[in-house]
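Secondary and tertiary structure notes
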Amino acid sequence: MSWYRYDETNNLVLTLHIQTGAKTTEAAGLHGGALKIKLAAAPVEGKANLVLIRFLATRFDVPIGQVILKQGGKSRHKVIMIHRSVHGPSVLFNIL
């Protein structure tokens, strides 16, 4: 199982494992069938989810509204959809 796929309308769907409380926000390799993302945020009142969505929007060069949390609002395991991304998943490993 891959950590990313494209749905029937060509949106990018990511399966992520989130580690909060890191010093920096970055992709950190694979964790089972998911991509591990370290977040520089605490899992308090949705703050980590917001940091994750902003990070992904920046990396994929899309507006925040095009990054949709599909599953895992209160879980480490999340499924995110990037609506109409022109970039592939490799942008998560490129340094900005």
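Our subject is the structure listed above.
The following paragraphs examine the structure supplied in this document. Once a new chain begins, its residue numbering starts again from 1 and follows that chain's sequence as written. A pLDDT threshold of at least 70 governs which residues receive local features in this predicted model, and a stricter bar of 80 or more applies before side-chain atom pairs are shown or counted, although totals over entire chains, interfaces and linings include all residues. Values shown for side chains rest on all heavy atoms present in the structure; no hydrogens or waters enter the calculation.

1. Considering unusual backbone geometry
Put simply, the rule reads: Secondary structure elements are defined from DSSP: runs of H or I of at least 4 residues count as helices, runs of E of at least 2 residues count as strands, and each element is numbered from the N terminus. We call a residue buried when its accessible area falls under 20% of the maximum for its residue type, exposed when it is over 50%, and partly exposed in between, using a 1.4 Å probe and counting protein chains only.
A positive phi angle is found at E45, which is not glycine, with a value near 50 degrees. Tracing the sequence through the fold places E45 in the loop between strand 4 (34–38) and helix 1 (47–60). On the basis of relative accessible area, E45 is assigned to the exposed category, the value being 82%. A positive phi is found at R84, a non-glycine position, where the angle reads about 55 degrees. In this fold, R84 is placed in the segment after strand 6 (77–82).

2. A word on the pairing of strand 4
Quick note on the threshold: Note: two strands are recorded as paired if DSSP finds a minimum of 2 bridges between them.
Relative to strand 4, strand 2 (residues 12–19) runs parallel, the two being bridged by 4 bridges. Directly across from Q19, in strand 4, lies its bridge partner K38. Two elements, strand 3 (residues 26–31) and strand 4, share 4 bridges in a ladder whose sense is antiparallel. If you follow L30 over to strand 4, its bridge partner there is L35. Between the end of strand 3 and the start of strand 4, which pair antiparallel, lie 2 residues, with G32 showing a positive phi angle near 65 degrees.

3. Some words on the packing of aromatic side chains
Convention followed: Each pair of aromatic rings taken from Phe, Tyr and Trp, with Trp reduced to its six-membered ring, is defined by centres within 6.5 Å and is described as stacked if the planes are under 30 degrees apart, edge-to-face if over 60, and tilted in the remaining cases.
Within this structure, the stated rule accounts for 2 aromatic pairs. Seen from their ring centres, W3 and Y4 are 5.0 Å apart, and the 70 degrees between their planes marks the pair as edge-to-face. Accessibility expressed as a relative area gives 34% for Y4, which makes it partly exposed. Ring centres of W3 and F93 lie 6.1 Å apart, and the angle between their planes is 85 degrees; this geometry places the pair in the edge-to-face category.

Everything listed here is a matter of geometry and, on its own, says nothing about what the molecule does.
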